[in-house]
Amino acid sequence: MNVLVTGSSRGLGKSIILEYAKNGYDVIINYNNSEKEALELKDYVESNYKVKALVVKCDISKESEIDSIINKIYKEFGHLDILVNNASIALDQDFELKTKEDFMKTLEVNLVGTYLLSKKIGLKMKEAKNGNIINISSTNGLDTTYPESIDYDASKAGIISLNHNLANYFAPYVRVNTICPGWVNTDMNKDLDKEFIDEETSKILLNRFAEPEEIANLVYFLGSDKASYINDSIIRIDGGVRR
Ligand SMILES: NC(=O)c1ccc[n+]([C@@H]2O[C@H](COP(=O)([O-])OP(=O)(O)OC[C@H]3O[C@@H](n4cnc5c(N)ncnc54)[C@H](OP(=O)(O)O)[C@@H]3O)[C@@H](O)[C@H]2O)c1
């Protein structure tokens, strides 16, 4: 069994790779900028879990780069069992300063990248009558709260919409599910100030941000046979939020 996780050089994507590798899956690690981290992760999983790891550079907002890694993956493995659409960017700026270019950039990576990978790989999975697609959206795609992240929130809401059409088109051979994490302890939040973190934490019933491994556990479950009847679902994982 094998899995491609986009944006898996660090953060949540890295935890997802580790979870699959730990369970014996061959892994395809994708990076855009963080080559060193991706190569270190490959070495780590190969020596600790005795699985095969392929590292592929791809900016998922570029269709030609997507085509090139798909060719590489199918040449190397002959098939793909699981695609996890994880890569994303979050450009936080003042609502009033955000430009059309910023908005388009976020959509191109987070939404269009997810669409292109899912369409191209989903078609191959459907043909093979085997496959699984898991998208990483966000609670921001369900309840938008901060105007600074208007582009990010729209991209994450768009992924929820994509999920329904993809699940519909690829049925009954490919299960397609989306998870919506709340706050997770990764680099994405490293610049938040303490006061804001405390305020957000106070709204979470479990009184803390998630660790990436806790989200990776859900992704792994969704891709496994234990989740064989879970399809076209949008699953919130946020520790419970006080309303
Ligand atoms: N952290 C949170 O609180 C939180 C909450 C809800 C949902 N999420 C979602 O969880 C997922 C992972 O987030 P994270 O917190 O791990 O983010 P992160 O720490 O900022 O890492 C982002 C990852 O995406 C990759 N990436 C960015 N642009 C890319 C591109 N154009 N092509 C390919 N890869 C690209 C980066 O790769 P390089 O470094 O190689 O460029 C990196 O591996 C995202 O979908 C995010 O929206 C996160």
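Residues numbered from 1 in each chain as written. Predicted model: local features only at pLDDT ≥ 70, side-chain atom pairs only at ≥ 80, totals over all residues. Heavy atoms only, no water.

Chemist: Lay out the pattern of salt bridges with the relevant residues and their values.
Modeler: Tallied over the entire structure, the rule returns 14 salt bridges. Across the pair Lys52 and Glu76 runs a salt bridge, and its minimum N-O distance is 3.4 Å. Of the two residues, Lys52 sits in the loop between helix H2 (35-49) and strand E3 (53-57) while Glu76 sits in helix H3 (residues 63-77), which places them 24 residues apart along the sequence. Residue classification places Lys52 among the partly exposed residues on the basis of a relative accessible area of 36%. With a closest N to O distance of 3.1 Å, Lys62 and Asp59 form a salt bridge. (Salt bridge = Lys/Arg side-chain N within 4 Å of Asp/Glu carboxyl O. Helix = DSSP H or I, 4+ residues; strand = E, 2+ residues; numbered from the N terminus. Buried < 20%, exposed > 50% of the residue type's maximum accessible area, 1.4 Å probe, protein only.)

Chemist: Describe the sheet that holds strand E6 (residues 174-181), with residues and values.
Modeler: Taken in spatial order, the seven strands line up as E3-E2-E1-E4-E5-E6-E7 in an open sheet, and their pairing is parallel. Two strands lie at the open edges of the sheet, namely E3 and strand E7 (234-237), each paired on one side alone. Across the sheet, the axes of successive neighbouring strands diverge by a mean angle of 20°, strand direction being ignored. When strand E1 (residues 2-5) meets strand E2 (residues 26-31), the two strands line up parallel, connected through four bridges. Along E2, the bridge assignment pairs Leu4 with Ile28. Helix-sheet contacts for helix H1 (residues 11-22) involve E1, E2, strand E4 (82-85) and strand E5 (131-136), and the interaxial angle to E2 is about 170°. Packed on one face of the sheet, H3 meets E1, E2 and E3 and runs near 165° to E3. (Pairing = 2+ DSSP bridges. Axes fitted to C-alpha atoms, helices over the stretch in contact; angles between N-to-C directions. Contact = heavy atoms within 4.5 Å.)

Chemist: Go over the packing of aromatic side chains, please, and point to the residues and values.
Modeler: Within the structure shown, the criterion is met by eight aromatic pairs. Measuring from ring centre to ring centre gives 5.9 Å for Tyr25 and Tyr220, while their planes differ by 85°; the resulting arrangement is edge-to-face. In this pair, Tyr25 is assigned in the loop between H1 and E2 and Tyr220 in helix H7 (residues 212-223), connecting sequence segments 195 residues apart. We classify Tyr25 as buried; its relative accessible area is 7%. Exposure remark for Tyr220: the relative accessible area of 19% places this residue in the buried category. Taken together through their ring pairs, the aromatic side chains of Tyr146, Trp183, Phe196 and Phe209 make up a single cluster. The ring of Phe77 is capped by Lys52, whose NZ or CZ atom sits 4.7 Å from the centre of that ring. Seen from the ring of Tyr74, Lys124 lies directly overhead, with NZ or CZ sitting 4.8 Å from the centre. (Phe/Tyr/Trp six-rings, centres within 6.5 Å; stacked < 30°, edge-to-face > 60°. Lys NZ or Arg CZ within 6 Å of the ring centre and 35° of its normal.)

Read these as geometric descriptors, not functional statements.
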